[in-house]
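Examining the three-dimensional arrangement
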Amino acid sequence: MNKYSKDLLDFLNASPVNFFAVKETARRLEAEGYKRFNAEDKLISVKAGDKFYVTKNDSSIFAFHIGKKTLGEGGFHIICAHSDSPTFRIKPNAEITCEGGITKLNTEVYGGAILSTWFDRPLSIAGRVIVKGKDAMHPETKLLCVERPILIIPNLAIHFNRQVNDGVSISKQKDMLPILGIVSNTLERGNLLMNVITEQLGINASEILDFDLYLFDTTPACHAGVHDEFISAGRIDDLSMVHAGLSALLTDTETIPEMTKILGIFDNEETGSQTKQGAGSPFLASIIQRIVLAQGETMDDYHRSIEKAFMISADNAHAWHPNYSEKYDPTNHPMLGGGPVIKFNAAQKYASDAVSAAIFAGICEKAGVPCQRFVNHSDVAGGSTLGNILASSLPLKGVDMGNPIIGMHSVRETGAAIDQEYCIKAFIEFYKN
């Protein structure tokens, strides 16, 4: 157990869904002197030492600490991660009232969740509610998080499903609908969810226009293991990397860095990144261009800054699972507690190559932390991440890496407490280097 892993638990508990992860990130940035910049406003002047951040869609956030060298002169160092995790989204007209007044909610799966891990958990809802504003083009957004458990996705008893322990298919539309409660009177019928929302926000139902609401497990993040060496929590992928990048950025906010430091937290990585707030969007590239121009430089300097920059794409990696060793590459399987993991893929699903891997390994060595490597077992298909997607709009040199975890995309994942410290120390060295 260390101060970094303890703070990670607080960060995870404050971030039940992407919108709250961005809110908590912004809160911590502002506490260290960062100012919010509205992308609609003109960016007239940017000088060394300026600290600001900008958000997109309330679910992605980008922070900048401007260096002594202009971007064209010195380039920049950027750490990227993502705010979203697999979950369930509540559909419109969600309430389904069954016999006995039992009400369940119609949901759809977001991302590649391990569905079975969501059964019989104390669940709740969080996200944003859109309410009437001054006119139709300017609605207002209110964040909502119901902290107490109000939902459960109940399993079917083994007496009705004798094959449940032999592996059964799960229907997302039938088996995964959560129970909200029992209607107690006719006025509640069809209004159970809306009543929760209005009571939580203190508004009338007539004010509500729409919402983006998701499910989350209310069980707090915690340490586990005989020595408290593990972290057990939801959304470790990828909020642990958001936390690591943010912690490194905020380690020294008073000293003006030689080159600009950027933290980029994207949304929708779990569904392909092709949104205005995702890594496939030109939004970050446009902000960097505007900074270059506000420094009195030209578009040629912008392109020079890209060539001089380096990116760390931080997304958790697969740790070796002691019960499934056959799933892993025989010579490249990272261990919990073994430090940050550089990810390679011959099909170029990761941004890492020999040059970028050598650079990151050198950073780890200078920071005094161990470094591991991950390659998929050649008979097992692997995933991808945001590094190469971002490169489609920003052709950056960079490395794909992440802390090792077990049970990726389970409702609760398992990591090592020491790895959070290792990763933050490496990121601090990267921003300093």
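A short tour of the structure in this document, coming up. (Residues numbered from 1 in each chain as written. Predicted model: local features only at pLDDT ≥ 70, side-chain atom pairs only at ≥ 80, totals over all residues. Heavy atoms only, no water.)

**Description of the packing of aromatic side chains**
For the structure shown, the criterion picks out eight aromatic pairs. Both rings, one in Phe88 and one in Trp118, keep their centres 5.1 Å apart while their planes meet at 80°; by these two values the pair is edge-to-face. Pair noted here: Phe88 is in strand β5 (residues 87–97) and Trp118 is in the loop between β6 (102–110) and β7 (123–131), with a separation of 30 residues, a long-range link. Centroid distance Phe430 to Tyr431: 5.8 Å. Interplanar angle 40°. Geometry classified as tilted. Both residues of the pair, Phe430 and Tyr431, belong to the buried class. Through a chain of ring-to-ring contacts, three or more aromatic side chains come together here, namely Phe37, Phe52 and Phe64. (Phe/Tyr/Trp six-rings, centres within 6.5 Å; stacked < 30°, edge-to-face > 60°. Helix = DSSP H or I, 4+ residues; strand = E, 2+ residues; numbered from the N terminus. Buried < 20%, exposed > 50% of the residue type's maximum accessible area, 1.4 Å probe, protein only.)

**Structural notes on the packing of helix α6 (residues 283–294) against helix α7 (residues 299–308)**
Orientation of α6 relative to α7, taken along the N-to-C sense of each, is 120°, at an axis distance of 9 Å. Accordingly, the angle class assigned to the pair α6 and α7 is oblique. Note on packing geometry: the crossing formed by α6 with α7 is right-handed. Touching Ala285, Ile288, Gln289, Val292 and Leu293 of α6 are Met299, Asp301, Tyr302 and Ser305, all from α7. Of the residues assigned to the contact of α6 with α7, the class counts are six nonpolar, two polar and one charged. (Axes fitted to C-alpha atoms, helices over the stretch in contact; angles between N-to-C directions. Parallel < 35°, antiparallel > 145°, perpendicular 65-115°, else oblique. Left-handed = near helix turned anticlockwise from the far one by under 90°. Contact = heavy atoms within 4.5 Å. Nonpolar A, V, L, I, M, F, W, Y, C, P; charged D, E, K, R; others polar.)

**With respect to α7**
Here α7 has its buried residues at Asp301, Tyr302, Ser305 and Ile306. The buried residues of α7 occupy an angular sector of 150° when the element is viewed end-on, so they sit on one face. Projecting away from the buried face of α7 at angles above 90 degrees are the exposed residues Asp300 and Glu307. Next to the buried residues of α7 lie α3 (71–74), β4 (76–82) and α6. (Arc of directions from axis to C-beta.)

**Concerning helix α10 (residues 417–432)**
Taking 1.5 Å of rise per residue, the 16 residues of α10 would be expected to cover 22 Å, and the 24 Å separating its terminal C-alpha atoms lies within 8% of that figure. Counting buried positions along α10 yields 12 of 16 residues, so the element is predominantly enclosed. Buried residues of α10: Ala417, Asp419, Gln420, Glu421, Cys423, Ile424, Ala426, Phe427, Ile428, Glu429, Phe430 and Tyr431, and no others. (Expected span 1.5 Å × (residues − 1).)

**Some thoughts on the pattern of salt bridges**
Taken as a whole, this structure holds 14 salt bridges when the rule is applied. Note that Arg27 and Glu24 form a salt bridge whose closest N and O atoms lie 2.8 Å from each other. Pair noted here: Arg27 and Glu24 are both in helix α2 (residues 18–31), with a separation of three residues, about one helical turn. Under the relative-accessibility criterion, Arg27 is labelled partly exposed at 47%. On the accessibility criterion, Glu24 (9% relative accessible area) is buried. (Salt bridge = Lys/Arg side-chain N within 4 Å of Asp/Glu carboxyl O.)

**Considerations on the nonpolar core**
Counting 50 residues, the largest nonpolar core has Leu29, Ile79, Leu263, Ile312, Phe360, Met401 and Phe427 as the members making the most contacts within it. When residues no more than four places from it in sequence are discounted, the contact partners of Phe360 are Ile312, Pro340, Ile342, Cys371, Val399, Met401, Ala426 and Phe427. Formed by 32 residues, the second largest nonpolar core is a distinct cluster that contains Val54, Ile262, Ile287 and Leu396. (Core = buried A, V, L, I, M, F, W, Y, C linked by side-chain atoms within 4.5 Å.)

**Examining the side chain of Asp238**
Inspection of the secondary structure assignment puts Asp238 in helix α5 (residues 236–249). The buried charged residue Asp238 lacks any salt bridge, with Lys343 as its nearest oppositely charged partner at 7.2 Å. A polar contact is formed between the side chain of Asp238 and the backbone nitrogen of Asn316, at a distance of 3.4 Å. (Lys, Arg positive; Asp, Glu negative; His and termini not counted. Polar contact = N/O pair within 3.5 Å; in protein donor to acceptor, adjacent residues only side chain to side chain.)

**Let's talk about the sheet that holds strand β20 (residues 413–416)**
Reading across the sheet, the five strands line up as β11-β12-β20-β19-β15 and stay open at both edges, with mixed pairing between neighbours. A strand with exactly one partner marks an edge of an open sheet, and here the two such strands are β11 (222–224) and β15 (317–318). Running at roughly 35° to β20, α5 makes contact with β12 (230–233), β19 (404–406) and β20 of the sheet. (Pairing = 2+ DSSP bridges.)

**Side note on the environment of Pro86**
Of note, Pro86 is situated in the loop between β4 and β5. By relative accessible area, which is 12% here, Pro86 ends up buried. Put simply, Pro86 and Ala361 are 275 residues apart on the chain and 30 Å apart in space, counted from C-alpha to C-alpha. For Pro86, the contacting residues outside a window of four places in its chain are Tyr110, Gly111, Gly112, Ala113, Trp118, Glu270 and His409.

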